[in-house]
Amino acid sequence: MADSKIEFDENLFCGRLKRLYEAWQGNPDLWQGATALIIPAGASSQELRYLKSGALQLWLFAYELPDTILGFSQNSLHVLTSGKKVKHLEGLAKAAEEQAGITVHFLVKPKGEDGKLQADELLQALQPDGTSAIIGILPKDNHEGPFAEMFGQAQASANLKMVDIALGLSDLLACKDPEEIKKAKKAAFLGASALQKYAVPQFESIIDEEVQTKHTSLSQKIEDVVAQPDKQLQIRLKPENCDIAYPPIVQSGGEYSLKLSAQCTATPLKYDVILCGVGARYSMYCANVARSYLVDPSKQQEAEYKALLAAQEAAIAALVAGAPLSAPVAAAIQALKEKGQEQLVEKLPKTLGFGMGLEFRESSLLISSKSQSTVKPGMIFNVSIGVQDLKRTDPNEGQAEVYALQIADTVVVQPDGAAPEVLTTTAAKSWADIAYYFKDEEDGKPEAPPTPKANGASKEAKLRSKDDTFKAQEEARQKQRENQEDLLTRVNEETRRMLQRKKGDGDDGTGPGRKVTETCAYRSVADMPAPRDLAIQVDQRTESVLLPIYGIMVPFHILTIKNATNNQDNDHAYIRINFNFGTGYEPSAKFPNAIFLKELSFRSSDTKRAAKVVQEIKMLRGSITQREKEKAERATLVQQERLIRGGGRVVSLPDVWIRPNFGGKGRKMTGQLEAHQNGFRYSSPKGETLDVMYRNIKHALFQPADKELLTLVHFRLHNPIMVGKKKTDDVQFYTEVGEAVQTLDGGRRSMYDPDEIEEEQRERDVRNKINRQFQRYVKHVHSEIWEKNFSDLGLEFEIPYRDLGFWGVPHKTTSFIMPTVNCLVELVDVPSTVITMADVGIVNLERVGFSLRNFDMTFVFKDLTRDVMRIDAIPSQSLDTLKEWLSSMNLKFYENKINLNWKPILKSIVEDPDAFFENGGWSFLDQEGGSEDEDAEEEDEADPEFQGSEEDSEESEEEESSDEESVVDSEEAEDEEDMSEEDEEEEAGKDWEELEEEAKQADKVKQSDSDDEQDRKRKRKGGASAAVQKRARR
């Protein structure tokens, strides 16, 4: 349990505490007449254990409380635990008394003691007035640890009457509320997705490629996928809430066990009958799914499987509210008999499922023929029908004779007698989805075309993944299009809300820096230095420049001067000083009727002094401008909390560089990054320090060195901080794992050179060592500091997904850009790129076309006052991957053939939002509907009837290709006209001079006629020139 910032849901706790007392006191027989309840919990364990005491803690508090004793009397709750846990639980006491009428008492176990005195006090409190109490306990729960052992001894020595309340507690937890059902649905979706989207493709690949893979290896891979669904399955579930309910079971080759405790063998997967079961947990709520996959099955196996499937569906349909738990068994047996598979009835297990929840298997809710419990709404069941020790009479080569079949799903009972909801439908189970045929293809014998069947299964020697590839791609594209259509409404609404918020915000347009009207060169004439001569002087002390004007030295503060230049002409120098002025100048706005000086020019015969004076002015202006800029940046900084240094041993990361660096002179040196109680501190050997507070971290990124030369951690901040003299939103700490530059001696070295091999191995060892060092540091910070003390921030180190990465140009160089859970990042090159996807409104893919090798991607942020972010020159091969990723992030994207000028577009939206939404909002970027019009225009231009039309020439400017066709057509048309004119002129017998004069006049006339249309102007000039050339040749 975390040390601080743990927040309990008071309404949840009080509501469920009240339900517990109502169930206990309302039906005392079910609780064996207990007058008090004791629910102990021992030390935490890494083993996968299901205890009713732990289930009750999770149900009440949504947290596990190790080394804690809960004692329930008739109107009070006694909690014996450590002082640290009491601090978190104290807030529930007042709410419990007000909302549930239950008084909560805390007994604190002193640190360093065993808590024996407090245990005796708790047992005494459960016996009011010294009367003999009946204590309800859970005798089957075995707790570990010295604290649990001590309490067990104290409980035994108290000589109290004990009764088993497991049945009452199971009844209490059996019916789930909507929030519990939601968690169970997520667990079911996780397990079914791991089976369908990962395990099945693995089986298909192994069979298709004939790879030897052990059952244990497959089980471990499926377990890893369930624990990290965001990586392999691309499912947006929090990994910290995901876990397995039991190790995944994969069986084949004649060795089968339908027990949930079955262990996978270390033998390779066989191509016969494959059983796979996956149990998943989300927020401690369990779900289960199991399937059978048959390779080259026989007719007998097909009939048996279809009968079992019908039996399972009948059993599920019988799980309606009010029915006994024996009803599903009778329904399953009846279905098997109707399918003509009576021999399978005797092979059915004693139970066809069980209740589920916080416990994987609730023993009081077994689906069996002897069960008399009643099905209630909100109950969750695992319905599992399987048979084993079946024999195949005609096994293929390499297939076992003995096989088993199993189908299991997780279902939730609905109210009002409605049909139960199956939560694991993601995992397909129809015959067409689980049967694979290879024998016909391998035999190479021609067969008649297969007769289509009702279920669509045909005996073809192809995998389902190959047969349905195109169909699956089309379905994915259709879902993507539907998702994008739904996102348009949401994006427009978000933009509308943002513009409404911005509309009321005021801005006086003044920055945080010092205003020019507040500057003062000298308070009085007496403060001015005595003039040595009438020459320009630079006063560094008062940051002023004294200029001689009409025989008087006039001071000007350096902030009033825009620039100074020096030009030499023979023996003289001309100094020109330009001053700030104009409507954007702050004094102009404050004194609109004042007259401002624009510039002054001086002539000097001393060229060296003139150059020196101009240089001094420039240097003074540069230093003052930089200083004012730093002041302005510091004025906008948010005040950070003070660093609280960690006590004892502080975990640190040594020999790391920082970006941006501190600046200053001297050789740059590495420092160390320490993780303290509320922030990081980076310190260098020069004594420079930088503090990064945890609460100021927006994104924490960790990128191990793979194909790069850096291993780094990067922090994107909520509020900028100053690093040296630079204001930055990003801070990065990194270590180089190799040399970026290598000395080449010109000689060739063999790939088998021992020195070369040793050097490469040494580089790999260094890279792996540094990666492990960073990994340990990141893991410690996350688990020991952030999860315990700052769980409310939701901080975790995100690792970029290299498989989804692509090349592009975010700034000036081509970089490899990778997405994380919440960002799109490029962290190696300078400057780094971190785009928070939650801040992005829409994405526009520009220059997308079949003939182009690259395209650009523009991110338009929800805050339209921000500049857009562009990534240029992305290879076209990455287009489909990016579309899929954007859709998975629920981001609306568009495709365009040209780059857009976004500044005026965003400005017009902000200035006139009503017109923007009246025209459909962001739908103006959807240009897919315009392709047909453009094709029609090109056809019109190709028609000779319209070649001379001015309208066609205007429309041809929309696309470069149609523009070029119009130019060619117009030139050819004019050439034909010129040829006809030449024939007439030859008949009249005109000479060379007359022809040239007429050509000049024609050029002038055509030029004046086409002034309003630039495109026609170019074409007419080209036509006239061609006519002159042809006449000259004549």
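Criteria and thresholds
Residues numbered from 1 in each chain as written. Predicted model: local features only at pLDDT ≥ 70, side-chain atom pairs only at ≥ 80, totals over all residues. Heavy atoms only, no water. UniProt positions renumbered as here; feature names shortened; annotations may be inferred. Helix = DSSP H or I, 4+ residues; strand = E, 2+ residues; numbered from the N terminus. Buried < 20%, exposed > 50% of the residue type's maximum accessible area, 1.4 Å probe, protein only. Contact = heavy atoms within 4.5 Å. Areas by Shrake-Rupley, 256 points an atom, 1.4 Å probe, with all protein chains shown as cover. Salt bridge = Lys/Arg side-chain N within 4 Å of Asp/Glu carboxyl O. Phe/Tyr/Trp six-rings, centres within 6.5 Å; stacked < 30°, edge-to-face > 60°. Lys NZ or Arg CZ within 6 Å of the ring centre and 35° of its normal. Expected span 1.5 Å × (residues − 1). Arc of directions from axis to C-beta. Axes fitted to C-alpha atoms, helices over the stretch in contact; angles between N-to-C directions. Parallel < 35°, antiparallel > 145°, perpendicular 65-115°, else oblique. Left-handed = near helix turned anticlockwise from the far one by under 90°. Pairing = 2+ DSSP bridges. Patch = residues over 30% accessible without salt bridge, like charges linked within 9 Å, V, L, I, M, F, W, Y side chains within 5 Å. Lys, Arg positive; Asp, Glu negative; His and termini not counted. Charge placed at Lys NZ, Arg CZ, Asp CG, Glu CD. Polar contact = N/O pair within 3.5 Å; in protein donor to acceptor, adjacent residues only side chain to side chain. Core = buried A, V, L, I, M, F, W, Y, C linked by side-chain atoms within 4.5 Å. pLDDT = per-residue confidence, 0-100. Right-handed = clockwise from strand over helix to strand, strands pointing away.

An unreviewed UniProt entry lists the protein chain under the name FACT complex subunit, from Apatococcus fuscideae. The record in UniProt for the protein chain states the following under Subunit (unreviewed entry): "Component of the FACT complex."

Caption draft 1: Spatial organisation of the overall build of the protein chain. Within the protein chain one finds 26 helices and 37 strands. Here the protein chain holds 1034 residues, and the buried ones make up 43% of them. Within the protein chain, contacts between residues at least 6 apart in sequence are counted, and of these 65% link residues at least 24 apart. Carbon and sulfur atoms form 48% of the exposed surface of the protein chain, whose accessible area is close to 55,500 Å².

Caption draft 2: Just unusual backbone geometry, in detail. Of the consecutive residues R659 and P660, the connecting peptide bond is found in the cis state with omega at -10°. On the secondary structure map, P660 appears in the loop between β22 (652–659) and β23 (671–675). Omega for the peptide link from V830 to P831 comes to 0°, which places this bond in the cis form. Position of P831 among the secondary structure elements: in the loop between β32 (823–826) and β33 (833–836).

Caption draft 3: Molecular detail of the pattern of salt bridges. Tallying each qualifying case throughout the model produces 29 salt bridges. Among the ionic pairs, E599 bridges to R576, the shortest N-O distance being 2.7 Å. Highlighted residues: E599 in strand β21 (residues 599–604) and R576 in strand β20 (residues 572–579), separated in sequence by 23 residues. Residue E599 is classed as partly exposed on the basis of its relative accessible area, which comes to 30%. For R576, a relative accessible area of 38% puts it in the partly exposed group. R802 is the partner of D706 in a salt bridge, and the nearest nitrogen-oxygen pair spans 3.2 Å. Of this pair, D706 sits in the loop between β26 (697–703) and β27 (710–723) while R802 is found in the loop between β29 (797–798) and β30 (806–808), placing the two residues 96 residues apart along the sequence. Of the residues examined, R802 reaches a relative accessible area of 23% and is grouped as partly exposed.

Caption draft 4: Geometry of the packing of aromatic side chains. Summed over all chains, the structure comprises 27 aromatic pairs. For the pair F680 and Y694, a centre-to-centre distance of 5.1 Å together with 90° between the ring planes defines the contact as edge-to-face. You can see F680 sitting in strand β24 (residues 679–683) and its partner Y694 sitting in the loop between β25 (689–693) and β26, a full 14 residues away along the chain. The pair F680 / Y694 is uniform in exposure class, with both members buried. Here the aromatic residues F662, F680, Y682, Y694, F715, F733, Y777, W786, F790 and F797 are joined through ring pairs into a cluster of three or more. Taking NZ or CZ as reference, R659 lies 4.6 Å from the ring centre of Y734, over its face. We note R866 situated over the ring of F861; from NZ or CZ to the ring centre the distance is 3.7 Å.

Caption draft 5: Molecular detail of helix α5 (residues 146–157). For α5, spanning 12 residues, the distance from its first C-alpha to its last is 17 Å, which sits close to the expected 16 Å at 1.5 Å a residue. Every buried residue of α5 is accounted for by F147, A148, M150, F151, A154 and Q155. The arc that holds the buried residues of α5, viewed along the axis, is 160°, so those residues lie on one side. In α5, the exposed positions angled more than 90 degrees off the buried face are occupied by P146, E149, Q153, A156 and S157. With its phi angle positive at about 55°, N159 sits one or two positions after the end of α5.

Caption draft 6: Inspection of the packing of helix α4 (residues 116–125) against α5 at higher detail. The contact between α4 and α5 brings their axes to 10 Å, and the two run at 45°. Considering their axes alone, α4 and α5 lie oblique with respect to each other. Here the hand of the crossing between α4 and α5 comes out right-handed. Along its contact with α4, which presents K116, A119, D120, L122 and L123, the element α5 presents M150, F151, A154 and Q155.

Caption draft 7: Spotlight on the sheet that holds β24. One open sheet holds the 8 strands; their spatial order is β25-β24-β23-β22-β28-β27-β26-β29, and the pairing between them is mixed. Sheet topology places β25 and β29 at the edges, where each strand pairs with a single neighbour. Bridge count between β27 and strand β28 (residues 726–736): 10 bridges; the pairing is antiparallel. Pairing of H714 across the sheet is with Q732, part of β28. Helix α18 (residues 754–789) contacts β22, β23, β24, β26, β27, β28 and β29 of the sheet and is inclined by roughly 45° relative to β27.

Caption draft 8: Focus on the sheet that holds strand β19 (residues 561–569). Taken in spatial order, the 3 strands of this open sheet run β19-β20-β21, and their pairing is antiparallel. The sheet is open, and its two edges are formed by β19 and β21, each paired on a single side. The sheet shows a mean angle of 15° between the axes of neighbouring strands, direction not considered.

Caption draft 9: Layout of the pairing of strand β35 (residues 854–861). Across the 8 residues of β35, 7 count as buried, placing the element largely inside the fold. When strand β34 (residues 840–846) meets β35, the two strands line up antiparallel, connected through 6 bridges. Across the sheet, V843 pairs through a bridge with F859, a residue of β35.

Caption draft 10: Looking closely at a negative patch on the surface. A contiguous patch of negative charge on the surface is contributed by D9, E10, E97, E98 and E179. Residue placement: E97 occurs in helix α3 (residues 83–99).

Caption draft 11: Representation of the side chain of N578. Structurally, the position occupied by N578 is in strand β20. Given a relative accessible area of 17%, N578 falls into the buried group. Among the polar contacts listed, one links the side chain of N578 to the side chain of N563, at a separation of 2.8 Å. A distance of 3.5 Å separates the side chain of N578 from the side chain of R576, its partner in a polar contact. Discounting chain neighbours no more than four positions away, the residues touching N578 are I561, K562, N563, K598 and E599.

Caption draft 12: Structural view of the nonpolar core. One finds F203, V250, F381 and L405 to be the most contacted residues of the largest nonpolar core, which totals 89 residues. Element by element, the count of residues in this core is highest for helix α7 (residues 178–209), at 14 residues. Residue contacts for F203: discarding those within four places in its chain leaves L218, V250, L269, I274, C276 and Y293. Residues I6, F61, L65 and I165 belong to the second largest nonpolar core, which totals 40 residues.

Caption draft 13: View of the confidence of the model for the protein chain. The predicted model of the protein chain averages 81 in pLDDT, with 81% of residues at 70 or higher. In this model, residues 505–513 is a region of pLDDT below 50 whose contacts with residues beyond four sequence positions or in other chains number 5 contacts. Low pLDDT, under 50, characterises residues 1010–1034; the predicted model gives this stretch 41 contacts beyond four residues in sequence or across chains.

Caption draft 14: Highlighting the packing of helix α1 (residues 10–26) against helix α2 (residues 52–61). Contact geometry of α1 with α2 gives a least axis separation of 7 Å together with a crossing angle of 130°. Put simply, α1 runs oblique to α2. Of the residues in α2, those in contact with F13, R16, L17, R19 and L20 of α1 are L56, W59, L60 and F61.

Caption draft 15: Quick peek at the pairing of strand β5 (residues 134–137). As defined by bridge partners, strand β1 (residues 36–41) adjoins β5 across 2 bridges and the pair is classed as parallel. Note on β5: the bridge partner recorded for A36 is I135. Where β5 meets strand β6 (residues 161–164), 4 bridges bridge the pair, whose relative direction is parallel. Within β6, the residue paired with G136 across the bridge is V163. Considered for its hand, the β-α-β crossover made up of β5, α5 and β6 is right-handed.

Caption draft 16: Region of the structure containing a nonpolar patch on the surface. A cluster of nonpolar residues, F581, F591 and F596, forms a patch on the protein surface that exposes about 290 Å² of accessible area. Locating F581 in the fold gives a position in the loop between β20 and α16 (586–590).

Caption draft 17: Summary view of the environment of K608. Here K608 lies in helix α17 (residues 607–635). Separated by 36 residues in the primary sequence, K608 and H572 have C-alpha atoms spaced 10.0 Å apart.

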